[in-house]
Amino acid sequence: MAGTNNNKNSPLSPDHDQVANPSRRNLLKSAGLVGAAAVSGAASQMASAQTPATTVNPQDLIPTREALEVLTLAEAETLAAVCDTLIPSDDNGPGANEARAIHYIDRSLASHNAADRFRYLIGLSALREHATKQHGKPFHQLSAGDRQALLQAMQDDTLSGFDPGSANFFNMVRNHTIDGTFCDPYYGGNHHFIGWDLLQYPGVRLGASEADVALGARLPANHQSAYDHATYVKTSTYMGDDDHAN
Amino acid sequence: MPTNLPATDVVIIGLGAAGGVAALPLTNAGLKVVGLEAGGWLDPRDFAPDELRNGQRNWPQTVQKTAGEAPTVRATSATEAVQGGHPMMNAVGGTSMHYWAQSWRLNPWDFKVVSETTRRYGADRIPRDSTVEDWPFGYEELEPYYDKVEYAIGISGQAGNVQGRINPAGNIFEGARQREYPMQALRSSPFTDLMGAAARRLGWNPFQGPAAIASEVFDGRPPCQYHGFCNTGGCHVQAKGSTAFTSIPKAIATGNLDVVTFARVTRIVSDANGRATGVEYVKGSEVFFQPAAVVLLASYTYENSRLLLLSSSAAFPNGLANNAGQVGRHYMSHHQGAPVTALFDRDLHNWYGLPAQGVAIDEWADDNFDHADLDFIGGANLWAHTDRQPMSAAKMSTFGLVNNWGSDWKAFIMKNADRTNSSYIQKTTLPYRDNYLDLDPNVKDPYGQPVTRITARYGDNEKRISAYAQAKMEQWYLEAGAIKIIKSGPGNVMGASTHAYGGTRMGDNAATNVVDRWGFAHEVPNLGVLGASVMGTSGSRNPTLTAQALAWRTAEYLAANWRSIAG
């Protein structure tokens with residue numbers, strides 16, 4: 001189910017302290033460090049991938065203590081390169097991969113977007129095959145320019161092997177990449193609030209005064225997930241007034 | 001065999017915006033009411049400010065009964081109907097839990113479309129294939145009930161016409177109201193101020209619209225906190241006047257309302273004399289029969305027609321109250337498409353706010369302007385509002401300036417995420433002969449019952465209003481400083497909508513209407529129907545307050561005439 005996270009090591013685990021949560025950001029940081037430090041063989045393989053347009057360390061994409069729940073490693077490699085091409089890390093700052101959009105997508109394919117799993121299977125393998133056929137290398141090892149050209153062909157609906165079509169797949173992945181970059185961090189993306197900072201979205205608040213939204217006002221980013229607010233965390237001891245319920 | 005329950009005075013099918021309001025005058029009058037609700041109770045704490053869950057994944061609509069019985073949709077009878085999503089949710093309070101809460105009265109013209117159009121322009125101006133009729137009464141008849149609902153659930157707003165005294169701070173085109181709103185309008189914002197000033201430069205009369213959202217402490221509920229997430233989200237402080245937090249608790253407090261949650265009504269039972277005797281419902285794996293002296297059908301427009309069609313009997317072989325063949329007829333879903341989207345050259349400060357925090361223009365709605373040289377009747381209410389959330393902001397139009405991915409796009413959204421705005425334009429929508437609801441011959445719900453099938457498309461009248469209103473909206477945005485404009489197409493299919501009307505239309509003529517002027521079925525005198533399904537015209541504004549005023553009126557009439565109706 002969406003919103004369920006049984007990973008006790010996750011900083012977003014629902015059983016972390018909901019009432020006073022000053023250390024949440026530190027938890028996030030430490031989780032990233034743990035992930036980067038414990039490089040598995042598979043992650044090393046990803047690290048060797050040529051991703052010239054980005055400064056992201058692929059080891060950070062999926063910290064080893066948070067599993068790929070759905071995607072295979074090959075799919076994750078391809079998808080990470082697609083996400084990086086759609087929302088690149090560049091002179092304007094971090095992109096989809098630092099936001100861990102791929103982690104969001106992987107989790108969503110186990111839950112709310114489970115019906116899309118087969119489309120990812122077909123689409124990512126088709127993209128990988130096109131890359132190998134055209135350039136002799138898998139998609140994630142292509143130069144940024146070659147990746148962009150393939151994505152453009154995909155968006156123009158001219159790549160074969162997709163079901164129902166490459167433009168359809170492109171639009172789905174674009175949507176999911178945006179979701180994973182700009183969603184509430186509870187869902188596994190928008191890591192370190194990277195997406196919200198890009199948009200200068202100041203964050204979830206329980207209220208906004210006239211001064212907060214006045215012309216020229218610039219609210220500081222509060223870096224709060226909806227679920228950093230105790231009132232929305234459902235495992236609290238609150239019992240509610242259910243007497244009127246039948 | 002269903003388990004027979006003790007009889008009650010009134011059973012209400014559905015405790016949403018309409019049924020949840022009707023329960024209050026009935027229980028206040030001392031009638032014993034059983035409210036059958038397909039959903040359960042939700043807590044304000046259920047509505048986290050979570051754009052992904054509420055807005056993109058439609059959590060409120062997908063977890064309950066409606067998801068299994070979404071209507072199928074087709075433009076005409078020549079095409080195959082395809083099942084889409086259901087726009088409404090099941091809960092005590094229904095979709096009043098998470099709606100925008102814009103709470104308009106219809107304008108007087110909306111009650112008299114046929115006679116007023118004929119008087120001013122000639123009968124040939126009514127589109128030939130439209131089945132539109134005047135309502136059986138005028139705005140003045142409904143005014144006292146609008147007033148009661150506004151004060152019972154708490155509407156904030158700025159009156160424009162109190163007993164004939166016009167106040168340009170409000171809607172100068174509205175019908176006369178007996179008094180001011182119970183609360184001042186929601187506050188304006190830098191963006192709505194910008195749009196308001198632009199409208200005044202154009203010689204128009206901008207005003208802040210009415211909302212079922214507290215702008216100050218009202219009846220023990222705190223005021224709006226302007227935090228956003230109101231669209232498809234419930235209110236974390238109960239500022240939104242859902243019936244779950246207003247009329248229903250008051251009805252329960254009388255001791256006369258028994259709420260049964262997770263009850264799926266499958267049939268309204270009728271006898272050989274053509275009277276309703278009660279309803280059958282499923283709760284868990286059990287089937288119950290709830291006998292009642294009076295049945296009030298108050299589910300949504302699609303389910304109101306559906307349940308009647310599923311409730312055939314010897315006396316009603318084609319569905320309950322359908323011997324005249326009118327159930328499902330005169331269906332409309334409001335034309336709300338064809339928006340205009342603008343790009344500005346400065347931040348609009350819309351990250352916090354709500355869709356009901358907006359500024360309206362009514363100059364081009366209804367018959368507020370001369371149609372003599374135009375090729376349509378009716379018009380559109382223009383609405384510019386706040387509310388912006390990060391995922392939808394990132395999915396903003398690129399206005400043809402950049403591709404929609406890559407570094408250029410990233411730079412574009414970083415600069416413009418708070419610089420775009422999309423208008424909300426609601427248009428007069430008419431019923432047409434070939435538009436209707438019936439039962440789908442193929443698609444069934446999880447209980448094996450056919451779902452509603454929508455066969456409907458917009459007419460030329462709606463498409464012409466769209467083009468006209470878009471031009472006005474573009475003019476308004478440009479005056480406010482927009483640097484780019486996009487106008488979307490009008491669409492063709494009248495799909496499943498939160499603004500769905502008809503199917504059980506109200507009127508004096510039993511040959512063309514299902515319910516009489518009080519909301520009781522012409523063919524079944526102890527069966528009342530509540531909701532926008534009884535409305536014969538859409539107006540160019542949100543339907544909920546009108547549906548609630550009609551529900552209150554039907555309930556009061558029932559209480560006042562109990563012996564003659566209950567038999």
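Quantities reported herein were computed from a predicted structural model and do not represent experimental measurements.

Student: Please clarify how the overall build of chain A should be interpreted in this entry.
Tutor: Within chain A one finds nine helices and zero strands. Within chain A, contacts between residues separated by at least 24 positions form 59% of all contacts whose residues are at least 6 apart in sequence.

Student: Where do I start with the overall build of chain B in this structure?
Tutor: Across its full length, chain B holds 13 helices and 23 strands. Relative to the compact-globule value of 24 Å for 567 residues, chain B shows a C-alpha radius of gyration of 23 Å, a close match. Looking at chain B as a whole, 59% of its 567 residues qualify as buried. A sequence separation of at least 24 residues applies to 75% of the contacts in chain B between residues at least 6 apart.

Student: In this structure, what is going on with the interface of chain A and chain B? I would like to understand it.
Tutor: It is common to give the size of an interface as the accessible area lost on bringing the parts into contact. Each partner contributes residues to the interface: chain A has 40 residues there, and chain B has 38 residues. Secondary structure elements with two or more residues in the side of chain A that touches chain B: α7 (166-182), α8 (194-199) and α9 (210-213) of chain A. Classifying every residue of the side of chain A that touches chain B by side-chain character gives 23 nonpolar, ten polar and seven charged.

Student: Could you clarify how one ought to interpret helix α8 (residues 301-310) of chain B in this entry?
Tutor: Side chains of residues three or four places apart in an α-helix project in the same direction, reflecting 3.6 residues per turn. Residues and elements named next belong to chain B. Within α8, nine of the ten residues are buried, leaving the element largely enclosed by the surrounding structure. Looking at α8, one finds that the buried residues are T301, Y302, E303, N304, S305, R306, L307, L308 and L309. Looking at the buried side of α8, the elements it contacts are β10 (264-270), β12 (286-297), β19 (436-444), β20 (450-455), β22 (500-503) and β23 (527-529).

Student: How do you make sense of unusual backbone geometry when you look at a structure like this?
Tutor: Across residues other than glycine, the phi torsion is negative in most instances, and most of the peptide bonds are trans. For the bond from D163 of chain A to P164 of chain A, the omega torsion is 5 degrees, close enough to zero to count as cis. Along the chain, P164 of chain A turns up in the loop between α6 (144-155) and α7. We note that H192 of chain A has phi near 55 degrees; this positive angle belongs to a residue other than glycine. Mapped onto the secondary structure, H192 of chain A falls in the loop between α7 and α8. Looking at H192 of chain A, the number of C-beta atoms within 10 Å reads 17, which means it is partly exposed. A positive phi is found at H330 of chain B, a non-glycine position, where the angle reads about 60 degrees. Within the element layout of this structure, H330 of chain B appears in strand β13 (residues 329-333). Look at H330 of chain B and you get buried, because 30 C-beta atoms sit within 10 Å.

Student: Any chance you could explain the pairing of strand β15 (residues 358-361) of chain B here in plain terms?
Tutor: All names here are of chain B. The alternating pattern of β15 places G358 and A360 and V359 and I361 on opposite faces, both of which are buried. The pairing of strand β8 (residues 207-208) with β15 spans two bridges and is antiparallel. Each residue of the ladder has a partner; that of F207, found in β15, is A360. Note that β15 and strand β16 (residues 380-385) share four bridges and pair antiparallel. Bridge assignment links I361 to a residue of β16, and that residue is L382.

Student: Would you mind showing me how to read the domain arrangement of chain B here?
Tutor: All names here are of chain B. Segmentation of chain B into domains returns domain 1 (1-70 + 86-156 + 210-334 + 431-440 + 498-567) and domain 2 (189-208 + 336-427 + 458-492). For domain 1 versus domain 2, the distance between C-alpha centres works out to 30 Å. With 27 residues of domain 1 in contact, the opposing surface of domain 2 contributes 26 residues. Broken down by element, the residue count for the side of domain 1 that touches domain 2 peaks at four residues, all from helix α2 (residues 51-56). When the residues that make up the side of domain 1 that touches domain 2 are grouped by side-chain class, the tally is eleven nonpolar, eleven polar and five charged.

Student: Teacher, can you tell me more about the sheet that holds strand β17 (residues 420-422) of chain B here?
Tutor: Sheet strands pair by backbone hydrogen bonding; their relative direction is either parallel or antiparallel. Residues and elements named next belong to chain B. Overall, antiparallel pairing links the three strands, which are arranged β17-β14-β21 in an open sheet. Unpaired on one side and paired on the other, β17 and β21 (484-487) mark the two borders of the sheet. Recorded for the sheet is a direction-independent mean angle of 15 degrees between the axes of neighbouring strands. In this sheet, β17 lies alongside strand β14 (residues 340-343) in antiparallel orientation, the contact comprising three bridges. Among the inter-strand pairings, T341 is bridged to a residue of β17, identified as S422.

Student: Is there a simple way to think about helix α3 (residues 73-86) of chain A in this case?
Tutor: All names here are of chain A. Counted at 1.5 Å a residue, the expected span for α3 with its 14 residues is 20 Å, and the 20 Å between its end C-alpha atoms agrees. With twelve of its 14 residues buried, α3 lies for the most part within the structure. Among the residues making up α3, those that are buried are E75, A76, E77, T78, L79, A80, A81, V82, C83, D84, T85 and L86.

Student: Help me understand the confidence of the model for chain A in this model?
Tutor: When pLDDT is low, close inspection of the predicted coordinates is not appropriate. Residues and elements named next belong to chain A. On average, residues of chain A carry a pLDDT of 77, and 68% of them reach 70 or more. Low confidence marks residues 1-56, where pLDDT is under 50. Its contacts with residues over four positions away, or in another chain, come to 81 contacts. Note on residues 238-246: pLDDT under 50 across the span, and seven contacts to partners over four residues away in sequence or across chains.

Student: Explanation requested: the nonpolar core in the structure shown.
Tutor: The tendency in soluble globular proteins is for nonpolar side chains to be buried side by side. Residue and element names in this part refer to chain B. Residues I12 and A22 are the most contacted members of the largest nonpolar core, which totals 184 residues. Of all the elements, helix α12 (residues 544-560) adds the most residues to this core, at eight residues. When residues are assigned to domains, this core turns out to be shared by domain 1 (1-70 + 86-156 + 210-334 + 431-440 + 498-567) and domain 2 (189-208 + 336-427 + 458-492), each giving three or more. In this structure, A22 is in contact with I12, L296, A298, L530, A551, W552, T554 and A555, ignoring residues within four places of it in sequence. The next biggest cluster of nonpolar side chains, apart from the first, holds 30 residues, and it includes F376, I377, A380 and Y477.

Student: Got a minute to help me understand the sheet that holds β16 of chain B in this structure?
Tutor: All names here are of chain B. One open sheet accounts for four strands, arranged β8-β15-β16-β18; its pairing is antiparallel. With one partner strand each, in any of the chains shown, β8 and β18 (424-427) form the two edges of the open sheet. Relative to the sheet, helix α6 (residues 190-201) contacts β15 and β16, its axis offset from that of β15 by approximately 20 degrees.

Student: What's the story with the environment of M494 of chain B in this structure? I'm lost.
Tutor: Residues and elements named next belong to chain B. Topologically, M494 is positioned in the loop between β21 and β22. Since 24 C-beta atoms lie within 10 Å of it, M494 is described here as buried. Sequence-wise, M494 and Y458 are 36 residues apart; in three dimensions their C-alpha atoms are separated by 6.2 Å. Ignoring sequence-local partners within four residues, the contact set of M494 consists of M332, S333, N435, I454, A456, R457 and Y458.

Student: What exactly am I supposed to notice about the packing of helix α1 (residues 19-28) of chain B against α12 of chain B here?
Tutor: Working note: a packed helix pair is described by the angle between its axes plus the distance between those axes. Residue and element names in this part refer to chain B. The interhelical angle for the contact between α1 and α12, taken along N-to-C directions, is 25 degrees, at an axis separation of 8 Å. The angle between α1 and α12 falls in the class roughly parallel. When the axes of α1 and α12 are compared, the crossing they make is right-handed. Residue-level inspection shows V21, A22, P25 and L26 of α1 in contact with α12, the latter providing Q548, A551, W552, T554, A555, E556, L558 and A559. Residue classes in the contact of α1 with α12 are distributed as nine nonpolar, two polar and one charged.

Student: I keep staring at the pairing of β12 of chain B and nothing clicks. Help me out?
Tutor: It is a general feature of regular strands that their side chains alternate between the two faces of the sheet. Residue and element names in this part refer to chain B. Here two bridges tie strand β1 (residues 3-4) to β12, and the two strands are oriented parallel to one another. Following the sheet pairing, T3 is matched in β12 by F288. Here strand β2 (residues 8-13) runs beside β12; their pairing, made up of five bridges, is parallel. Pairing of V10 across the sheet is with V294, part of β12. Relative to β12, strand β11 (residues 276-283) runs antiparallel, the two being bridged by six bridges. Each bridged residue has a counterpart across the sheet, and for V282 the counterpart in β12 is V287. Both β12 and β23 contribute to a ladder of three bridges, which runs parallel. What sits directly across from L296, in β23, is G528.

How each quantity is defined
All chains use their own residue numbering, which begins from 1 and follows the written sequence. Chain letters and ligand numbers both follow the written order, the letters beginning at A and the numbers at 1. Owing to the predicted nature of the model, reporting of local features is limited to residues with pLDDT of at least 70; listing and counting of side-chain atom pairs is limited to 80 or more, with chain, interface and lining totals taken over all residues. Segments assigned H or I by DSSP are reported as helices when at least four residues long, segments assigned E as strands when at least two residues long, and all are numbered from the N terminus. Note on contacts: each residue gets a C-beta atom placed from the backbone, and two residues are in contact if those atoms are within 7 Å. Throughout, the radius of gyration refers to the C-alpha atoms, and the reference size of a globule is 2.2 Å times the residue count to the power 0.38. Put simply, a residue is buried when 20 or more other C-beta atoms lie within 10 Å of its own C-beta and exposed when 12 or fewer do; between those, it is partly exposed, and each C-beta is set from the backbone. Residues were grouped as follows: Ala, Val, Leu, Ile, Met, Phe, Trp, Tyr, Cys and Pro as nonpolar; Asp, Glu, Lys and Arg as charged; and all remaining residues, including Gly, as polar. A pair of strands is labelled paired if DSSP reports no fewer than 2 bridges between them. Boundaries between domains were set according to an automatic or database domain assignment. Every axis corresponds to a line fitted to the C-alpha atoms, with the helix fit spanning only the stretch in contact, and the corresponding angles, defined between N-to-C directions, vary from 0 to 180 degrees. An expected span of 1.5 Å times one less than the residue number is assigned to each helix. Confidence scores per residue from the predictor, reported as pLDDT, run from 0 to 100. For this entry, the nonpolar core is defined as buried Ala, Val, Leu, Ile, Met, Phe, Trp, Tyr and Cys residues connected by C-beta atoms within 7 Å. For classification purposes, angles smaller than 35 degrees are called roughly parallel, those larger than 145 roughly antiparallel, those between 65 and 115 roughly perpendicular, and all remaining angles oblique. Handedness of a crossing is defined here by the sense of rotation of the near helix relative to the far one, left-handed for an anticlockwise turn of less than a right angle and right-handed for a clockwise turn.

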